[in-house]
Amino acid sequence: MRRFTQSIIIGLVQINQPLNMGRFYFPYSTGLLEAYVRQYTHDINRYLFLPPLFKKIPLKKALQELFYADIVGFSTYTWNIQFSLALAQGLKKQNPHVLIIFGGPHVPDQAESFLQQHPFIDICCHGEGEKVFFDLLEGYPAKDWQAIPAISYMDAKHQFQNHPKAKRLEDINEIPSPYLTNVFQPLIKMNPFQSWSVLWETNRGCPFSCTFCDWGSAV
């Protein structure tokens, strides 16, 4: 199979649960990543974003859809972690050079054992991911990640590296909306009969740290 572009091909995966009547949420987290890259890169032609995977499909089909990807980013939570891990492992098996990045609430802040258990994951991102993901893309294909905050990985000597988290974003308007920048338009066109629900982020984080709640994330 031949590669069809010289751009860096990026796949994004945010598997959501179906709602009533087969509706799905837009993959908002991965949409933010793409919107951020599109706004701040100096050369958008450097990147080609594949349509994001937003619902669970047969693993074989998912592997085919991401066959050409150079980088695949996963937004993980309790309802999609097992499928995400299986897909990531399959991607690394079919292409050992693909860069696998995991983020989202399911990625532990202390990620050493998580990375050891899942050696097909190259990088874990902690906290807000937009700028971190952007910096990883801008530095690709070099694997010099020493200056990038809020990531964990196993280095070339198989030593665990954990970078301190970045300062929290103070102005949410620094992140462009994937709706207002038409990031989801290709996804809508590819799924003309799909009904959608919208997530709209008006604030980020929480001033409290209730132990029963994920929203604050100990910030």
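Our subject is the structure that appears above.
As a starting point, this report considers the structure included with it. One numbering rule holds for all chains: residues counted from 1, following each sequence as written. Totals for whole chains, interfaces and linings use every residue, but because this is a predicted model, local features are given only for residues with pLDDT of at least 70 and side-chain atom pairs only at 80 or more, for both listing and counting. Note: side-chain values were computed over all heavy atoms of the structure, leaving out hydrogens and water.

A cluster of nonpolar side chains, Leu 19, Tyr 25 and Leu 199, forms an exposed patch at the surface whose accessible area comes to about 210 Å². Helix and strand assignments come from DSSP, with helices taken as H or I runs of at least 4 residues and strands as E runs of at least 2, each series counted from the N terminus. If you trace the backbone, Leu 199 turns up in the segment after strand E9 (196-197). For Leu 199, a relative accessible area of 34% gives the class partly exposed. Like-charged residues within 9 Å of one another, or nonpolar side chains (Val, Leu, Ile, Met, Phe, Trp, Tyr) within 5 Å, are grouped into patches, provided each residue has over 30% relative accessible area and no salt bridge. Using a 1.4 Å probe, the Shrake-Rupley method yields the accessible areas, and only the shown protein chains count as cover for residues. Take a side-chain nitrogen of Lys or Arg and a carboxyl oxygen of Asp or Glu: if they are within 4 Å of each other, that pair is a salt bridge. Buried, partly exposed and exposed residues are distinguished by accessible area as a fraction of the type maximum, computed with a 1.4 Å probe on protein chains only: under 20%, between the cut-offs, and over 50%, respectively.

With that out of the way, let us pick up the packing of aromatic side chains. Under the pairing criterion, centres of Phe, Tyr and Trp rings, with the six-membered ring standing for Trp, must be within 6.5 Å; the plane angle then separates stacked pairs below 30 degrees from edge-to-face pairs above 60, leaving the rest tilted. By the definition in use, this model includes 15 aromatic pairs. Here Phe 26 and Tyr 179 contribute two aromatic rings whose centre-to-centre distance is 5.9 Å and whose plane-to-plane angle is 70°, an arrangement assigned as edge-to-face. Linking Phe 26 in the loop between strand E2 (24-25) and helix H1 (28-40) with Tyr 179 in the loop between strand E8 (160-162) and helix H6 (185-190), this pair joins segments that are 153 residues apart in sequence. Given a relative accessible area of 7%, Phe 26 falls into the buried group. When the ring of Tyr 179 is compared with that of Phe 184, the centres are 5.4 Å apart and the planes differ by 55°; the resulting orientation is tilted. Neither residue differs from the other here; Tyr 179 and Phe 184 are each classed as buried. Here a set of aromatic residues connected by ring pairs shows up, and it is made of Phe 24, Phe 26, Tyr 28, Phe 54, Tyr 179, Phe 184, Trp 196 and Trp 200.

What follows deals with the sheet that holds strand E6 (residues 123-125). Sheet architecture is open: 7 strands sit in the order E3-E1-E4-E5-E6-E7-E8, paired in mixed fashion. In this open sheet, the two strands that pair with only one neighbour each are strand E3 (47-49) and E8. Adjacent strand axes in the sheet meet at a mean angle of 20° when their direction is disregarded. In this scheme, strands are said to pair when DSSP sees at least two bridges between them. Across 5 bridges, the pairing between strand E4 (residues 71-75) and strand E5 (residues 99-103) is parallel. When the bridges of E5 are listed, Phe 74 appears paired with Phe 102. We call two residues in contact whenever any of their non-hydrogen atoms come within 4.5 Å of each other. As a rule, the C-alpha atoms of each element are fitted with a line to give its axis, helices using only the stretch in contact, and angles between N-to-C directions run from 0 to 180 degrees. Against the sheet, helix H3 (residues 81-94) contacts strand E1 (8-13), E4 and E5, and its axis sits at roughly 165° relative to E5.

So, about the pattern of salt bridges. Within the structure shown, the criterion is met by 10 salt bridges. Of the charged contacts in the structure, one is a salt bridge between Glu 65 and Lys 61, with a shortest N-O distance of 2.5 Å. Here Glu 65 pairs with Lys 61, and both are found in helix H2 (residues 59-65), just 4 residues apart, close to one helical turn. Glu 65 sits in the partly exposed class, given a relative accessible area of 36%. Take Lys 61: its relative accessible area is 40%, and that puts it in the partly exposed class. A network of salt bridges, in which partner residues are shared, links Glu 128, Glu 130, Arg 168, Glu 201 and Arg 204.

This part is about the pairing of strand E7 (residues 151-154). Inspection of the sheet shows E6 paired to E7 by 2 bridges, in the antiparallel sense. In the strand pairing of E7, Cys 125 is matched with Ile 151. When E7 meets E8, the two strands line up antiparallel, connected through 3 bridges. Pairing of Tyr 153 across the sheet is with Gln 161, part of E8. Here E7 hands over to E8 after 5 residues, with His 158 in that stretch at a positive phi of 65°.

Here we come to the pairing of E1. Of all 6 residues making up E1, 6 are buried, and the element is well covered by its neighbours. Burial along E1 is two-sided: the residues Ile 8, Ile 10 and Leu 12 and Ile 9, Gly 11 and Val 13 are all buried. Both E1 and E3 contribute to a ladder of 3 bridges, which runs parallel. Of the residues in E3, the one forming a bridge with Ile 8 is Tyr 47. When E1 meets E4, the two strands line up parallel, connected through 4 bridges. Counted as the bridge partner of Val 13 is Phe 74 from E4.

So, about unusual backbone geometry. A cis geometry characterises the amide bond from Tyr 140 onward to Pro 141, with omega recorded as 10°. Within the element layout of this structure, Pro 141 appears in the loop between helix H5 (130-139) and E7. Located in the positive-phi region is Met 21, a residue other than glycine, with phi close to 60°. A relative accessible area of 80% means that Met 21 is categorised as exposed. Despite not being glycine, His 158 has its phi angle at roughly 65°, a positive value. Note that His 158 resides in the loop between E7 and E8.

None of the figures reported here should be taken as evidence of function without further support.
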